[in-house]
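# Chains, contacts and geometry: an overview
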Amino acid sequence: MKPLLNRTDLARQGQWRPMPLIRDVRYRYLLILAVLAYFCLAFLSIDVNWTRVAEGMGRAARFLSAFLQPDFTSRSQDIINGLLESLTMTLTSTVIGVLLAIPVGVGAARNIAPLPIYLFCRAIIAISRTFQEIIIAILFVVMFGFGPLAGMITLAFATVGFMAKLLAEDIEDIDERQVEAIRSTGARWLQLMNYAVQPQVMPRLIGLSVYRLDINFRESAVIGIVGAGGIGATLNTSLSRYEYGTAAAILIIIIAIVMLTEYCSGYIRRWVQ
Amino acid sequence: MPVRYLDNSTSLANAQWSAKTRKQQWLSWLTWLLGVSLFILCWKMISDNTLWVFVEDAPKQGADLISRMVPPQWDYTPKLWQPLWDTINIATFGTLLGIVMAFPCAFLAARNTTPHPLIRSAALMIIVSSRSINSLIWAMLLVTILGPGLLAGILAIALRSIGFVGKLLYEAIEEIHPTPVEAITATGASRLQVMAYAVLPQVMPAFAGISIYRWDINIRESTVLGLVGAGGIGLQLNAAINTLAWDKVSMIFILIFATVLVSEWISAKVRKAFL
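Residues numbered from 1 in each chain as written. Chains lettered and ligands numbered in written order. Predicted model: local features only at pLDDT ≥ 70, side-chain atom pairs only at ≥ 80, totals over all residues.

## Focus: the overall build of chain A
- When helices and strands are counted, chain A shows 11 helices and 0 strands.
- Listing every helix and strand of chain A by position from the N terminus yields α-α-α-α-α-α-α-α-α-α-α.
- A compact globule built from 273 residues should have a C-alpha radius of gyration of about 19 Å, whereas chain A, at 27 Å, is more than 25% larger.
- Projected onto its principal axes, the C-alpha coordinates of chain A cover approximately 80 × 65 × 35 Å.
- Once local pairs closer than 6 in sequence are excluded, the contacts in chain A between residues at least 24 apart make up 71%. (Helix = DSSP H or I, 4+ residues; strand = E, 2+ residues; numbered from the N terminus. Rg over C-alpha atoms; globule rule 2.2 N^0.38 Å. Contact = placed C-beta atoms within 7 Å.)

Here it is as structure tokens:
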């Protein structure tokens, strides 16, 4: 029997093939089999009511046509109120969240915080990052009642986890030489923070805050679904009334604002850094 | 660094140093003033729309909530396996469908592989609009159109994933090394062959990493899609919240937490293997 050709010989005969992603043959086939088995199982367990889907097609067409002629006027007051609420929630929650995140972030940086404080701050970050904004919103709505305050607290809470984690990582990456230089002048801890650490992390902190502002607006459009105020509530109402024109108008406004803030935040981040 | 002389002489001994010029100082004060007043204005709007009676007893409500949540109703777990399985399926099939659509989109949107600038802006438009709408909003739309169920959830996840995967992938494509492309082009390869043998191998690890990362995020997002009726464990969560069965809610939270941890662990492992 002819010995198995290796890849170089095959390539000389003009039968070259790209390297497989997984080297071991057995492992590769096992993985493929497992994936196929999962797909079969999963596919069988998804049951779709096709008649209902077919009925929905007419509605899909109406919705798409609503996108071509969105109705900004008939619910304009609701839309404006929702938008204003979303924007105010976004701004206040970002400011409060960033202010709260700075001490937490400083405490969660291993190179400047002692171990107990480090663990405490890391725990805060972990709690705030684990659950989705909407789940936190549910709990805060129960505690603080319906309205934008619950939404604002939710977004601020989520902002703390996000900003503190990135800030802590940033502080852990700073240039130690500058810290040493300031320390050797006999600076106190606060002076050390202000003159050695702050100038190194400030540009990125501003950039991240602007980025978070952007995220918070997007999220504020969602948490209204569970009663935490904002444009999400307006959107939810319009959809459950089957007012596709209004819903399309709201979606277009959301997309436009997100694009605008994304553009602005990209510009500000470039300008700061 | 600007220097202000305190007397009319120009001796440095009497000079006062400052980090900013007068104009810059004024400008920074003005910015702060504007920012703070904007914040106060926003705060006032929120406070006007809030019933402070409800806020005053928030600590009591919170304590009450926690006392109702603990202990979680452990024997509710068997009823949750099926919804959890649905949730994972929504995330997986949604991600798959999303990356299938995002893949061509990314190639059309990348500056170095796009066939025409006009097509590029159209692809970018798709990516941006998919990114700016949260998957819950997509789910809300699709539930009103297709009716509640898994299909709406899968499509919502897929539509949201296009933007995420598409954006990261097209950035990866734009950052590829040009030398392999030139080498393959020099052999007389067609456009598609250049894609397959020069571009694709370079972006494949990034693509796999991005997809797994998105799958991990999608698991998180699909746990709450049920709140608007798009299937999965969120349906149970919604039912438990509506009936104020907080011990069931906390059980569901524990399960979601565990699922998210496991998916994060898998995603980290796989990404490490690829990158």
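## A closer look at the UniProt feature "transmembrane region" (unreviewed entry) in chain A
Residue and element names in this part refer to chain A.
- Feature annotation in UniProt places "transmembrane region" (unreviewed entry) on residues 27–46, 91–113, 134–158 and 244–264, given in this structure's numbering.
- The annotated region residues 27–46 carries 95% helix and 0% strand content, and the separation between its end C-alpha atoms amounts to 29 Å.
- Helix makes up 74% of residues 91–113 and strand 0%, and the two end C-alpha atoms of the span are 30 Å apart. (UniProt positions renumbered as here; feature names shortened; annotations may be inferred.)

## What about the domain arrangement of chain B?
- One can read the domain layout of chain B as domain 1 (1–35) and domain 2 (81–274).
- Put simply, the middle of domain 1 of chain B and the middle of domain 2 of chain B, counted by C-alpha atoms, are 52 Å apart. (Domains from an automatic or database assignment.)

## Details of the UniProt feature "domain: ABC transmembrane type-1" (unreviewed entry) in chain A
- Sequence positions flagged by UniProt for "domain: ABC transmembrane type-1" (unreviewed entry) are, in local numbering, residues 83–265 of chain A.
- Span residues 83–265 of chain A is 83% helix and 0% strand, its end C-alpha atoms 19 Å apart.

## Examining the packing of helix 4 (residues 81–109) of chain B against helix 10 (residues 233–242) of chain B
All names here are of chain B.
- Relative orientation of the contacting elements helix 4 and helix 10 amounts to 130°, with a least axis distance of 7 Å. One finds that helix 4 runs oblique with respect to helix 10. In contact with P83, L84 and T87 of helix 4, helix 10 contributes I233, L235 and Q236.
- Here the contact of helix 4 with helix 10 is composed, by residue class, of 4 nonpolar, 2 polar and no charged. (Axes fitted to C-alpha atoms, helices over the stretch in contact; angles between N-to-C directions. Parallel < 35°, antiparallel > 145°, perpendicular 65-115°, else oblique. Nonpolar A, V, L, I, M, F, W, Y, C, P; charged D, E, K, R; others polar.)

## Observations concerning unusual backbone geometry
- The step from B:V70 to B:P71 runs through a cis peptide bond, and the omega angle for that step is -5°.
- Relative to the elements of secondary structure, B:P71 occurs in the loop between helix 3 (58–69) and helix 4.
- The phi dihedral of A:Y242 falls on the positive side, at around 60°, and the residue is not glycine.
- Judged by the 12 C-beta atoms lying within 10 Å of it, A:Y242 is exposed.
- In this structure, B:L244 is a non-glycine residue whose phi angle is positive, near 55°.
- Inspection of the secondary structure assignment puts B:L244 in the loop between helix 10 and helix 11 (246–274). (Buried ≥ 20, exposed ≤ 12 C-beta atoms within 10 Å, placed from the backbone.)

## A few points about the interface of chain A and chain B
- The partner chain B presents 42 residues to the 46 residues of chain A that form the contact.
- Looking at the side of chain A that touches chain B residue by residue, the class counts come to 32 nonpolar, 10 polar and 4 charged.

## Some details on helix 6 (residues 133–144) of chain A
- With 12 residues, helix 6 of chain A extends 16 Å from end C-alpha to end C-alpha; this agrees with the ideal 16 Å at 1.5 Å per step.
- Of all 12 residues making up helix 6 of chain A, 12 are buried, and the element is well covered by its neighbours.
- Of all the residues in helix 6 of chain A, the buried ones are A:E133, A:I134, A:I135, A:I136, A:A137, A:I138, A:L139, A:F140, A:V141, A:V142, A:M143 and A:F144.
- Along its buried surface, helix 6 of chain A packs onto helix 7 (148–172) and helix 9 (189–220) of chain A together with helix 2 (52–56), helix 3, helix 6 (135–146) and helix 10 of chain B. (Expected span 1.5 Å × (residues − 1).)

## Notes on the domain arrangement of chain A
- Taken domain by domain, chain A holds domain 1 (7–45) and domain 2 (73–272).
- The C-alpha centroid of domain 2 of chain A is placed 43 Å from the C-alpha centroid of domain 1 of chain A.

## Observations concerning the packing of helix 4 (residues 76–107) of chain A against helix 7 of chain A
Residues and elements named next belong to chain A.
- At their nearest, the axes of helix 4 and helix 7 sit 6 Å apart, and the two run at 40° to each other. Relative to helix 7, helix 4 is oriented oblique. Once helix 4 is placed against helix 7, the crossing between them reads as right-handed.
- In the contact of helix 4 with helix 7, the residues fall into 18 nonpolar, 8 polar and 1 charged. (Left-handed = near helix turned anticlockwise from the far one by under 90°.)

## Concerning the environment of A:S238
- In this fold, A:S238 is placed in helix 10 (residues 231–240).
- With residues up to four places along the chain from it excluded, the contact list for A:S238 reads A:R75, A:E243, A:T246, A:A247 and A:I250.

## As for the nonpolar core
- One finds B:A139 and B:L142 to be the most contacted residues of the largest nonpolar core, which totals 130 residues.
- It is helix 7 of chain A that contributes the most residues to this core, 16 residues altogether. (Core = buried A, V, L, I, M, F, W, Y, C linked by C-beta atoms within 7 Å.)

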